[in-house]
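Reading the structure
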Amino acid sequence: MNRPTPSIYSDLGAVYRPERVWAEGRAITLVIAHFLSGAGAGGWLIGLIIGLRLASLLGLAAVVLGGAIHLGFLGHPERALRMMAKPQSSWISRGLWSMLLFVPTAALYVAGAYGAWSTRSAFSVVMLVLSLVGMAGIFLYKGFVYAVARAVPLWHSPLLPVSYISAGLRGGAALALIGLAFSPSGQDRHAVQTWWLAATAAMVFLFALELAMGLDDKTVRRSLSALAEGSVAWAFFGGFVLFGLVVPVALVITSLDASIGSAGLLIAGITSLGGDLAYKYCMNTAATYVPLLGPRGIA
Amino acid sequence: MRYGMVIDLKRCISCYACQVACKSENATPPGVLYAWAFRQEQGEYPNARQVYLPMLCNHCAEPSCVEVCPTGATHKRDTDGVVLIDPEKCVGCRACMTACPYHARYYVDKIRNYYPGQGLTPYETAGYGRHNAGTVEKCNFCADRLQKGQEPACAANCPAMARTFGDLDDPDSAPSLLIRREGAFQLLPDQGNDPSVYYLPAERPAKESR
Amino acid sequence: METSDVHEDVWIPTVCANCFSFCPIRAHRVDGVIVKIEGNPDDPLTQGRICARGLSGINILYDPNRLNYPVRRTNPNKGRGIDPKWERISWEEALDTIAAKLREVREDDPRKLVASFGVNGGPQSYTLEAFAVAYGTPNIFVGGAGNHCASGKHFIGGLTHASWVSQPDFNFCNYFLNFGVPVGTGAYYGVNAAVRKMADARARGMKHVVLDPWMGMPAQSADEWVPIIPGTDAAVALAMTNLLLNEYRVYDHEYLEHETNGPYLVGDDGHYLRDADDKPQMWDAVEDRPKPYDAAFNQVALEVDRVVDGRRWRSAFSVIKEHVKRYTPELATEISGVPVVTIRRLAREFGSAARIGETIVLEGHELPFRPVALSYFKGPQAHKHSALISTALELLSAIVGVRSVPGSYVGINSRSLGHPETGFPKWSPTDGPDGLLVTGRWVVPPSQPWPPVYPKKPEDLGLGQLIPPSHGNTPMLPLVSQDPARYGIDYKPAVQIMVATNFAMSLSDPEVVEGFFKDIFTVNFNLFLDESAELSDIVLPDCSYLERLDVNADWMANGCATDSWSYPLRQPAVAPIAERRSASSVLLDLAERVGITPDINAVMNVSFGFREPYLLESDRQYTLEEVVDARYKSWFGEQFGLEWMRKHGILAWPKRVDEVYWHSFVKTRIPIYFEHFLTFKETLEGIQRETGLFLDLDLDDYQPYPDWRPCAAHTEPRPEFDLTAIYFRIPFQSFTSTGDNAWLDEVSTIDTYANRININTATAAKKGIVDGDWIELESAGTGKTVRGRARLTQCVHPEVVAMSGHGGHWARGLPLASQPGKGINFNRLLKQDFAHMDTLSLNLDLCAKVKVTKVGRP
């Protein structure tokens, strides 16, 4: 029986108390899970739109894997279904409903697509529609789970859900890049590349906008300095900026003209996903609670 | 009825008796502090001062933790406004922790003992049954004591009598009178939680002087 | 109700022992396990509210590191860090061995026994003291007394307040000038009642001003913090006295004239000008002549300075008034760093808050009303010139009449007129030789402050007989023991019994103390295998306070100057665990084995205050229960014996006005001028001449009025030793006894000051130190070093580093306390010799000049 981590004690005296429960230790599983489910939803959507079946399949797999990994974060995974209890108030509850709706319907739709029955059948259409509803829930819930935390100003932004949707789409586009690498030629390369670039641009723009809007807040500034020069700077610059933006952007833009090989697409997809994971990690780790002595201080 | 507490910072000397009274009442494991004391220096020498805030769950009227709990484990009791966690329902997702601005909640990943490598003391053996690994815990205003008609342990023990506990819905209760007459404030009112724990400022005029 | 399921759920009233306050508590026992400790709500003083230390007593009971059976050392090499290689032995074998040793030594020379105990041990200490007196040794010591206590204050307080310690009258005080005492803020006597009463007073509007180098417990909740250089409080007090006497002319003429020895006439040699009957005289202003102090006077002259028949006659007050003129505010500022404007303002505030001339009617008595208090204890007076500092601070109180009158600074338990039903216990201050105050009850009887016990060539290892005000003080013990001949003592100590004390941590530099242990066969009653146990030969598993019965765990009657008497009983809340046995019981058993039962019974009859018909018979061995029963019946009357106390737990009744404010009810005078110090000095000079010994004992401080003189820290010439190290008390550790308490250890980890070396942010910046750095302090006095992590703070004087006094353990038997980073062993910085001790009280100088350097690691 070991000692509690020292931060449990030092945080009690901290003016800016770091958010740790969704960032440190085993919470890495939560970061991965949230990242995977967002990217998975994105993969599902983009795969359907551009008709890249492998992307949709990867998306579904990512959501399933994310859900499974998520269980590892819970104190009582065997009670996971209890989280369905409060969809009227809790975004986590809504998220679970969404996933539980998405996974079987998407799976049944995929089964149709692979020939078990016709995708044009009424059943498949219903499955498709339901999976899209579930997917939309997955897109939405994640951002709101964070955005409702008023005590954590870095998260508590109206833009955060939108920015997390764009991140999901970018993740989906990255899955499509990977899918493309393994798909027979003739698929619409440009569509994937466009999706990816657009989602990347949207995500970067929204992220920047969100930060700019938060600059007035001392606690957000504190989080930003953690990203820029603090404990998570390595993940931010190395993981998100270099690995997640510079490398895949270079690869994807290059491949717009001269076609790069499958390996290039694969690398672009993987680095993009890795960058997104780093981004998610940074957003969780840099989070800081509002100081107890608020702007009005104490008398 | 809405149970609440007023903590008089002019009486408080930051002695940590509340923290340990809570610990001994609830047999909380290491690192789990339903009650704790926040301290901060303000100003520069020689005009420095110490600001301290004894902390506990604020049992908010609009608890942000209840809203985010996916299982309904965290709930607000209708009868007295106490915010409780049902350990049988808690799944350990910790959303409530991110929602609480007051650092009231602790995730008990496993139940540690106080003397590492030396087993549980008889006290720990007797008291640890009420803790549940894998769940979130916090102050429940000593719900067991309330049931017996007693005040929470921190209030009953405070050597400086800095804590006044009672029904905030009753305009004539001791805490209501203090809130009304002494200029009490809540922590982080902008968060919109409407805490049931109020503070009286450390520096305020005396009531009477001979 | 019949039930087959035996379920136990009881509350046992008893008494805490985590500091010397001894608050009444109750322990909740469920099926044999203590599950909660609370304050005893039946106590009118603490009202069921206790501090973190008391609440966490469960861990003292159940700490897995507790010693559970007797052990004997098998490794003949003794020293710090050396494994004693303990061997478990039976109680029978342990007691046989110890008794044989004690018999052998006693036949040789009973003075070779050293008996030492700690303040938290309380009643067990009294049993050991009785054992030691019965055995025939003068060597009885209180661990840390004189080192970390307030010996000057106790002694001067006895002379001036008829009490061991005093307290502000929180019921009426409006202005509390506090020289750094945590009274009402988490330490000091009657700790928890004082916290409540202080809070009430502050809510009522009492202003609390704290002079302290460190914004610790007293200053952080005060209305004003006045940072001051350590050891300079007397300079500020003397300047304030000067301003009040000579510039503002605010002083209590009436009081000084009638109730102090201010009007006593003194000659050029400083002694009283006595009459033919050897009585001090005062000047009758009407008859214009001196008369003995107890004659009938038309008008006593307070200020006298005249020459009659070629002889200069001055009143003590005039001498003092003239003497303090040299303490200008400017000089005090230069010494203390407190600005002139602050000193002047404080003097004005203090003087006007005293409301000189006003009265108050309480229970039909019209009494002086002086709603202003001045408090000092260990911090300001634990310096080279402890007694002079104490007299300076008392003088400032005295000139405005602040002495045990309503609103002022009140002696704790100075006068007891007894329980309303029985009239017991009873004591009262009285008028003594020279018309001066005699205390009614004194905690350490052999050194009763008045009438004076004069110095003589010492036979004891603490030099208490040489310097009577220091009785029981330990600073000299390790030095004299290791070189007795140098001090004219013709024996070396051979055996030591320790109860509830940890000399290795509490005396001073552990290396000096280590040498003291080397040649003494030490029997140690202990809860843990602590640092002193590691230097002992046999360690016996004592009962914690929750497992034992005690004779009188109420030595301060719960330590509140006002409101109530409260005498609780310490009784076992659980049966002793494993082979633990109470030291008191074992000592009674040992007395029988050594053959001194008649002696110890005789001593207990006196020291515990037994009276007929409860006196112990000479030749019978009594059980502890019988002794306790005799004690309660003797003190409180037949109906309040052990049986009654067991059931009720506490005997309390209200204090009367003529007890609390005894000063107005006892006709006597209180010294502001300490003439007998001159006699002490002359006696000591005689001893120096006669023996050729103690020549390094500087006698300059033996003077009748106060002065400020520098400590070694103030005159350190080497510029690199630029900071003064001090330590402070915190309300969640108790000396060296709670370091292994896991809950308190956790609080100390959370509190960012408790385990650190606190250094001013600006000072640290100059030295390139950042928060959390490991730094090393090197003592100018000893050259020794300690290391700790820096805590940068705005709350400490820039020339000071401050740390809590609880840390720096190293014993293997205290695994939580002995980890690196758990506080600092402050004692290593202290030099132990006459140059660093007050020669009037043997109080050790606790400010150490240090050099601070940044180091990489622990």
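Remember, predicted model here, so these are calculated numbers, not experimental data.

Another point: the overall build of chain C. Counting its regular elements, chain C contains 25 helices and 33 strands. Rg of the C-alpha trace for chain C: 26 Å, near the compact-globule value of 29 Å for 858 residues, within the 12% margin. Viewed in the frame of its principal axes, chain C has a C-alpha envelope of about 85 × 70 × 60 Å. A separation of at least 24 residues holds for 71% of the contacts in chain C among residues at least 6 apart in sequence. On chain C, roughly 26200 Å² of surface is accessible, and the fraction owed to carbon and sulfur atoms is 50%. Separation between the mean location of the 86 positive side-chain charges and that of the 108 negative ones in chain C comes to 4 Å.

Residue and element names in this part refer to chain C. For chain C, the domain assignment lists domain 1 (71–149 + 448–542 + 570–639), domain 2 (151–414 + 670–680) and domain 3 (712–855). Measuring from the centre of the C-alpha atoms in domain 1 to the corresponding centre in domain 2 gives 37 Å. Opposite the twelve residues of domain 1 that make contact, domain 2 presents eleven residues. Summed over both sides, the interface of domain 1 with domain 2 buries roughly 980 Å², with 73% coming from carbon and sulfur. For domain 1, the biggest contributors to the area lost against domain 2 are Cys149, Pro449 and Pro469; these three give 55% of the whole.

A few words on helix α4 (residues 123–135) of chain C. Residues and elements named next belong to chain C. Its 13 residues give α4 an end-to-end C-alpha distance of 18 Å, which sits within 8% of 18 Å, the value for a rise of 1.5 Å per residue. Within α4, twelve of the 13 residues are buried, which leaves it mostly tucked inside the rest of the structure. Every buried residue of α4 is accounted for by Pro123, Gln124, Ser125, Tyr126, Thr127, Leu128, Glu129, Ala130, Phe131, Ala132, Ala134 and Tyr135. Elements that come into contact with the buried residues of α4 comprise α3 (91–108), β6 (113–117), β7 (140–142), β23 (495–499), α18 (583–594) and α19 (597–607). Taken from the residues just after α4, glycine 136 is the one with a positive phi, measuring 105°.

Residue and element names in this part refer to chain C. Under the criterion given, the structure shown has 75 salt bridges over all chains. Between arginine 593 and aspartate 96 there is a salt bridge, with its nearest N and O atoms 2.9 Å apart. One end of the pair, arginine 593, is in helix α18; the other, aspartate 96, is in helix α3, and 497 residues separate them in sequence. Given a relative accessible area of 41%, aspartate 96 falls into the partly exposed group. Residues glutamate 716 and arginine 718 are paired through a salt bridge, measuring 2.7 Å at the closest nitrogen-oxygen approach. Taking relative accessible area as the criterion, arginine 718 reaches 35% and is therefore assigned partly exposed. When salt bridges with common partners are traced through the structure, they connect Arg80, Asp509, Glu511, Glu514, Lys784 and Arg828 into a single cluster.

Okay, the interface of chain B and chain C next. Where the parts come together, the accessible area they lose is often given as the size of the interface. Contact residues are listed per partner, giving 49 residues for chain B and 63 residues for chain C. Of the roughly 4600 Å² buried between chain B and chain C on both sides combined, carbon and sulfur atoms contribute 58%. If you look at where chain B meets chain C, you find six salt bridges. Residue assignment for the side of chain B that touches chain C shows that the elements contributing at least two residues are α1 (17–26), β2 (36–42), β3 (49–55), α4 (122–127) and α6 (153–157) of chain B.

Residue and element names in this part refer to chain B. Sheet architecture is open: four strands sit in the order β8-β1-β10-β9, paired in mixed fashion. For this open sheet the edge positions go to β8 (163–167) and β9 (185–186), each flanked by a neighbour on one side alone. Relative to β8, strand β1 (residues 3–8) is paired through five bridges, and the arrangement is antiparallel. Across the sheet, tyrosine 3 pairs through a bridge with aspartate 167, a residue of β8. With respect to the sheet, helix α7 (residues 174–182) is in contact with β1, β8 and β10 (197–200), its orientation differing from that of β8 by roughly 115°.

What follows covers the nonpolar core. By size, the foremost hydrophobic cluster in this structure holds 286 residues, and its most contacted members are C:Leu102, C:Phe131, C:Leu177, C:Tyr189, C:Phe350, C:Leu463 and C:Val801. If we ignore the near neighbours within four places in the chain, the residues touching C:Leu177 are C:Val209, C:Leu211, C:Met240, C:Leu346, C:Phe350, C:Ala373, C:Leu374, C:Ser375 and C:Leu396. Core analysis: the next-biggest nonpolar cluster, separate from the first, contains 72 residues, A:Trp22, A:Leu160, A:Ala278 and B:Ala99 among them.

This part takes up the packing of helix α2 (residues 28–50) of chain A against helix α7 (residues 189–214) of chain A. Axes are the key here: two packed helices are described by the angle between their axes and the distance separating the axes. Residues and elements named next belong to chain A. At a closest axis distance of 10 Å, the pairing of α2 and α7 adopts a crossing angle of 145°. The hand of the α2/α7 crossing is right-handed. Residues Ile46, Ile49 and Ile50 of α2 form the contact with α7, whose participating residues are Ala191, Val192 and Trp195.

A separate point is the side chain of C:Ser734. Among the structural elements, C:Ser734 can be located in the loop between β28 (723–728) and α24 (742–750). Those residues in contact with C:Ser734, other than ones at most four positions away along the chain, are C:Asn18, C:Cys19, C:Arg53 and C:Asn120.

What describes a pair of aromatic rings is the distance from one ring centre to the other and the angle between the planes of the rings. Residue and element names in this part refer to chain C. Per the stated rule, a full pass over the model turns up 61 aromatic pairs over all chains. Residues phenylalanine 131 and tyrosine 135 carry aromatic rings whose centres are separated by 6.2 Å and whose planes lie at 20° to one another, so their mutual orientation is stacked. One end of the pair is phenylalanine 131 and the other is tyrosine 135, both in helix α4 and four residues apart, which spans about a single turn. Its guanidinium or amino end placed over the ring of tyrosine 376, lysine 153 lies 4.6 Å from that ring's centre, counting from NZ or CZ.

Attention now moves to the state of the cysteines. For the structure on display, the rule yields zero disulfides over all chains. Between B:Cys93, a cysteine without a disulfide, and B:Cys96, which holds the nearest cysteine sulfur, the sulfur-to-sulfur distance is 6.2 Å. Considering cysteine sulfurs only, C:Cys19 is the nearest to C:Cys51, which forms no disulfide, with 6.1 Å between them.

Glancing now at unusual backbone geometry. All names here are of chain C. Cis peptide bonds are those with omega within 30 degrees of zero, and the linkage from phenylalanine 424 to proline 425 qualifies with -10°. Note on placement: proline 425 falls in the loop between β20 (409–411) and β21 (430–431). Here the amide bond leading from glutamate 612 into proline 613 is cis, since omega sits at 5°, within 30 degrees of zero. Relative to the helices and strands, proline 613 is located in the loop between α19 and α20 (624–636). Backbone geometry at aspartate 278 places phi at a positive 70°, although glycine is not the residue there. Even without a glycine there, the phi angle at glutamate 363 is positive, about 45°. Note that glutamate 363 resides in the loop between β17 (359–362) and β18 (365–368).

Moving on: the packing of α2(A) against helix α3 (residues 53–73) of chain A. All names here are of chain A. Remark: α2 packs on α3, axes separated minimally by 7 Å, with the N-to-C direction vectors making an angle of 160°. Relative to α3, α2 is oriented roughly antiparallel. Considering the relative orientation of α2 and α3, their crossing is left-handed. When the residues that make up the contact of α2 with α3 are grouped by side-chain class, the tally is 14 nonpolar, eleven polar and no charged.

The rules behind these values
- Residues numbered from 1 in each chain as written.
- Chains lettered and ligands numbered in written order.
- Predicted model: local features only at pLDDT ≥ 70, side-chain atom pairs only at ≥ 80, totals over all residues.
- Heavy atoms only, no water.
- Helix = DSSP H or I, 4+ residues; strand = E, 2+ residues; numbered from the N terminus.
- Rg over C-alpha atoms; globule rule 2.2 N^0.38 Å.
- Contact = heavy atoms within 4.5 Å.
- Areas by Shrake-Rupley, 256 points an atom, 1.4 Å probe, with all protein chains shown as cover.
- Lys, Arg positive; Asp, Glu negative; His and termini not counted.
- Charge placed at Lys NZ, Arg CZ, Asp CG, Glu CD.
- Domains from an automatic or database assignment.
- Buried area = accessible area lost by both parts, 1.4 Å probe.
- Expected span 1.5 Å × (residues − 1).
- Buried < 20%, exposed > 50% of the residue type's maximum accessible area, 1.4 Å probe, protein only.
- Salt bridge = Lys/Arg side-chain N within 4 Å of Asp/Glu carboxyl O.
- Pairing = 2+ DSSP bridges.
- Axes fitted to C-alpha atoms, helices over the stretch in contact; angles between N-to-C directions.
- Core = buried A, V, L, I, M, F, W, Y, C linked by side-chain atoms within 4.5 Å.
- Left-handed = near helix turned anticlockwise from the far one by under 90°.
- Phe/Tyr/Trp six-rings, centres within 6.5 Å; stacked < 30°, edge-to-face > 60°.
- Lys NZ or Arg CZ within 6 Å of the ring centre and 35° of its normal.
- Disulfide = S-S within 2.5 Å.
- Parallel < 35°, antiparallel > 145°, perpendicular 65-115°, else oblique.
- Nonpolar A, V, L, I, M, F, W, Y, C, P; charged D, E, K, R; others polar.

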